[in-house]
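Listed below are the residues making up each chain.
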Amino acid sequence: MITIWGRANSVNVQKVLWCCDELVLPYERIDAGLAFGRNNEPDYLAMNPTGKVPTLVDDDFVLWESNSILRYLVLQYGEASLLYPSEPKQRASIDRWLDWSLSTLQPAERPVFWTLVRTPQAQRDTARLAADINAVSLLWRMLDTHLQGRFFLEGEKFTLADIVIGAYAKRWFGLDGVERSPLPNLERWYSRIATRSGFKKYVDFPLT
Ligand SMILES: N[C@@H](CCC(=O)N[C@@H](CS)C(=O)NCC(=O)O)C(=O)O
């Protein structure tokens with residue numbers, strides 16, 4: 001049995017749960033992180049020394065880093081799945097979105113999310129927030145351009161790239177208090193991925 005440690009409102013946990021849904025993989029989830037604690041206790045740190053969520057336990061195998069967990073799940077349980085094709089160019093093209101999400105998108109969107117969702121209004125730095133919103137808007141605009149003429153991020157087929165970027169897209173489109181200029185390709189793609197059952201079950205909730 002697969003166990004996934006991590007609170008359900010963490011974007012990095014949501015990506016993993018969505019992937020399990022795509023692969024029709026049973027698992028159990030144990031709350032950890034923020035209000036649930038546990039992630040800084042010795043037992044948890046022995047599994048995941050970063051103290052972050054998610055952590056995956058599959059029998060005697062333990063793995064942390066959400067995108068590594070996604071790759072593992074598909075390679076171990078979904079080899080025939082189109083989520084992460086073995087053809088090198090297709091796989092590398094998916095990998096660059098997974099890498100980009102961690103190296104570029106998450107650092108840019110995190111301060112906006114934390115300010116608007118987890119910081120009381122009176123404590124917000126509004127000038128900083130405006131600059132942060134502008135920075136992340138530019139990234140979504142780049143994605144809008146990329147999605148011109150594409151059904152999913154890597155073409156016709158839904159892949160891990162759509163799961164990873166899709167989970168962050170919820171954290172953009174779900175924000176109150178942001179003026180978003182129209183991005184028609186991105187919006188079309190977002191309404192397409194929002195029909196997936198894993199998105200509905202694990203991602204499509206009010207941001208908390
Ligand atoms: N690069 C890591 C980031 C993990 C991470 O920062 N997780 C956040 C939640 S999204 C966390 O554990 N925060 C501390 C907490 O929840 O207590 C991954 O993708 O797994």
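- As recorded by an unreviewed UniProt entry, the protein carries the name Glutathione S-transferase GstB and is attributed to Paraburkholderia fynbosensis.
- What UniProt records for the protein under Sequence similarities (unreviewed entry) is the sentence "Belongs to the GST superfamily."

### Description of the environment of Asp43
Next, step 1: Relative to the helices and strands, Asp43 is located in helix 2 (residues 42–47).
Next, step 2: For Asp43, a relative accessible area of 66% corresponds to the exposed category.
Next, step 3: Once the C-alpha coordinates of Asp43 and Tyr77 are considered, the two residues, 34 residues apart in sequence, prove to be 27 Å apart.

### Regarding the sheet that holds strand 2 (residues 27–30)
Next, step 1: Taken in spatial order, the 4 strands make up an open sheet running 2-1-3-4, and their pairing is mixed. Across the chains shown, the open sheet's two edge strands, defined by having one partner strand only, are strand 2 and strand 4 (61–64). Going across the sheet, the axis of each strand differs from the next one's by a mean of 20°, ignoring polarity.
Next, step 2: In the packing of helix 1 (residues 11–23) onto the sheet, the strands contacted are strand 1 (2–5) and strand 2, and the crossing angle to strand 1 comes to about 155°.
Next, step 3: Here helix 3 (residues 66–77) sits on the sheet in contact with strand 1, strand 3 (55–58) and strand 4, set at roughly 140° to strand 4.

### With respect to the side chain of Asn67
Next, step 1: Tracing the sequence through the fold places Asn67 in helix 3.
Next, step 2: Discounting residues that sit within four places of it in the chain, Asn67 has contacts with Lys15, Leu98, Ser101, Leu102 and Val164.

### A look at the environment of Leu153
Next, step 1: Among the secondary structure elements, Leu153 is positioned in the loop between helix 5 (126–146) and helix 6 (160–173).
Next, step 2: Of the residues examined, Leu153 reaches a relative accessible area of 0% and is grouped as buried.
Next, step 3: If near-sequence neighbours (up to four positions away) are discounted, Leu153 is found in contact with Trp97, Leu143, His146, Leu147, Ala161, Asp162, Ile165 and Trp189.

Calculation notes
- Residues numbered from 1 in each chain as written.
- Predicted model: local features only at pLDDT ≥ 70, side-chain atom pairs only at ≥ 80, totals over all residues.
- Heavy atoms only, no water.
- UniProt positions renumbered as here; feature names shortened; annotations may be inferred.
- Helix = DSSP H or I, 4+ residues; strand = E, 2+ residues; numbered from the N terminus.
- Buried < 20%, exposed > 50% of the residue type's maximum accessible area, 1.4 Å probe, protein only.
- Pairing = 2+ DSSP bridges.
- Axes fitted to C-alpha atoms, helices over the stretch in contact; angles between N-to-C directions.
- Contact = heavy atoms within 4.5 Å.

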